Amino acid sequence: MEKNIALVGFMGSGKSVVAKLLAKQLGRKLISTDQLIVERERMEITDIFSIKGEKYFRDVEEDVVFEVSQGEGLVIDCGGGVVLREQNINNLHYRSIIVYLKTSSEAIYSRIKDQMHRPLLNVEDPKSKIDELIAPRLSFYEKANLTVDTSKKTIDFVVDEIIKSISQ
Ligand code: S3P
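Residues numbered from 1 in each chain as written. Predicted model: local features only at pLDDT ≥ 70, side-chain atom pairs only at ≥ 80, totals over all residues. Heavy atoms only, no water.

**Student:** Can you walk me through the sheet that holds strand β1 (residues 4-8) in this structure?
**Tutor:** If you walk across this open sheet you meet the five strands as β2-β3-β1-β4-β5, and the pairing is parallel. What marks the edges here is a single partner per strand, and that holds for β2 (29-32) and β5 (146-149). Going from strand to strand, the sheet's axes swing by 20° on average, the running direction of each strand aside. Where strand β4 (residues 96-102) lies against β5, four bridges are found, and the strand directions are parallel. Bridged to Lys 102 within β5 is Asp 149. Most of the contacts of helix α2 (residues 33-41) go to β2, to which it runs at about 65°, and overall it touches β2 and β3 (74-77). (Pairing = 2+ DSSP bridges. Helix = DSSP H or I, 4+ residues; strand = E, 2+ residues; numbered from the N terminus. Axes fitted to C-alpha atoms, helices over the stretch in contact; angles between N-to-C directions. Contact = heavy atoms within 4.5 Å.)

Below is the structure:
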């Protein structure tokens with residue numbers, strides 16, 4: 001059985017771009033939990049949050065994480081908040097190597113400041129919001145099997161590092 005590679009990390013840590021290149025280089029299928037949620041709900045993430053609320057989003061996310069974690073050989077791009085429910089981590093550990101893309105809050109801020117598709121960061125002071133949201137998540141992110149710091153690295157370098165580490 002070929003394990004999945006599940007990327008976790010805060011918003012703006014580079015999960016989506018890294019997952020895309022990783023899947024391409026390894027010839028694996030790419031799955032994004034956010035994308036599956038949008039397809040399933042036929043609604044953008046910001047609308048799900050504003051119309052149905054965060055709890056509803058997290059419930060759908062939990063179902064989607066359960067389903068994708070039963071797969072084999074996938075690259076899974078996980079939404080930044082999957083670590084908020086322990087069940088998600090347990091489900092992912094079943095068949096996935098969990099890779100944490102670690103990023104400083106400064107790097108996150110500079111990457112997300114002009115983007116509008118993340119409801120949790122569409123606030124007056126996104127800088128403080130990042131620190132506030134990241135703090136309780138850190139210990140969960142750090143339960144990953146592999147941690148790669150993406151703050152000052154190119155996407156190619158991060159992908160190479162993941163491929164090298166998992167093939168050892
Ligand atoms: C969230 C991260 C987002 C998306 C939603 C909530 C979070 O995914 O799932 O906006 O709680 O960190 P990305 O990390 O892919 O931006």
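**Student:** Would you explain the packing of aromatic side chains in this entry?
**Tutor:** Inspection of the entire model under this criterion finds two aromatic pairs. Each ring, one from Phe 49 and one from Phe 57, has its centre 4.8 Å from the other, and the planes form 40°; the classification is tilted. The exposure class of Phe 57 is buried, given its relative accessible area of 3%. Aromatic side chains Tyr 100 and Tyr 141 sit 5.0 Å apart centroid to centroid with 10° between the ring planes, which places their arrangement in the stacked category. Taken together, the positions of Tyr 100 in strand β4 and Tyr 141 in helix α8 (residues 138-141) put the pair 41 residues apart, joining distant regions of the chain. For the residue pair Tyr 100 and Tyr 141, the accessibility class agrees, reading buried in each case. (Phe/Tyr/Trp six-rings, centres within 6.5 Å; stacked < 30°, edge-to-face > 60°. Buried < 20%, exposed > 50% of the residue type's maximum accessible area, 1.4 Å probe, protein only.)

**Student:** I tried to follow the side chain of Arg 137 on my own but got confused; where do I start?
**Tutor:** Here Arg 137 is to be found in the loop between α7 (126-134) and α8. For the buried Arg 137, which has no salt bridge, the nearest side chain bearing the opposite charge is Glu 54, at an N-O separation of 5.5 Å. In contact with Arg 137, not counting residues within four places along its chain, are Phe 10, Arg 58, Gly 80, Gly 81, Val 83, Leu 84 and Leu 120. (Lys, Arg positive; Asp, Glu negative; His and termini not counted. Salt bridge = Lys/Arg side-chain N within 4 Å of Asp/Glu carboxyl O.)

**Student:** Mind showing me how you'd approach the nonpolar core here?
**Tutor:** The nonpolar side chains of soluble globular proteins are, as a tendency, buried together. Residues Val 8, Phe 10, Ile 76, Cys 78, Val 82, Leu 92 and Ile 130 are the most contacted members of the largest nonpolar core, which totals 33 residues. Listed by contribution, the elements that provide at least two residues to this core are β1, α3 (45-52), α4 (54-68), β3, α5 (86-95), β4, α6 (105-112) and α7. Among the elements that line this core, the one with the most residues is α4, at five residues. In contact with Val 8, other than residues within four places in its own chain, are Lys 15, Cys 78, Val 82, Ile 98, Val 99, Tyr 100, Leu 101 and Tyr 141. Residues Ala 19, Val 99, Val 158 and Ile 162 belong to the second largest nonpolar core, which totals 14 residues. (Core = buried A, V, L, I, M, F, W, Y, C linked by side-chain atoms within 4.5 Å.)

**Student:** What should I look at first to understand the site of the ligand in this one?
**Tutor:** Inspection of the region around the ligand gives 13 residues, with Lys 15, Asp 34, Arg 58, Arg 118 and Arg 137 positioned closest. For the ligand, an oxygen atom lies 2.7 Å from a polar atom in the side chain of Lys 15. Within the side chain of Asp 34, an N or O atom sits 2.7 Å from an oxygen atom of the ligand. For the ligand, whose free accessible area comes to 390 Å², the fraction covered by protein is 96%. Per-class residue counts for the shell around the ligand are five nonpolar, three polar and five charged. (Near = heavy atom within 4 Å. Polar contact = N/O pair within 3.5 Å; in protein donor to acceptor, adjacent residues only side chain to side chain. Areas by Shrake-Rupley, 256 points an atom, 1.4 Å probe, with all protein chains shown as cover. Nonpolar A, V, L, I, M, F, W, Y, C, P; charged D, E, K, R; others polar.)

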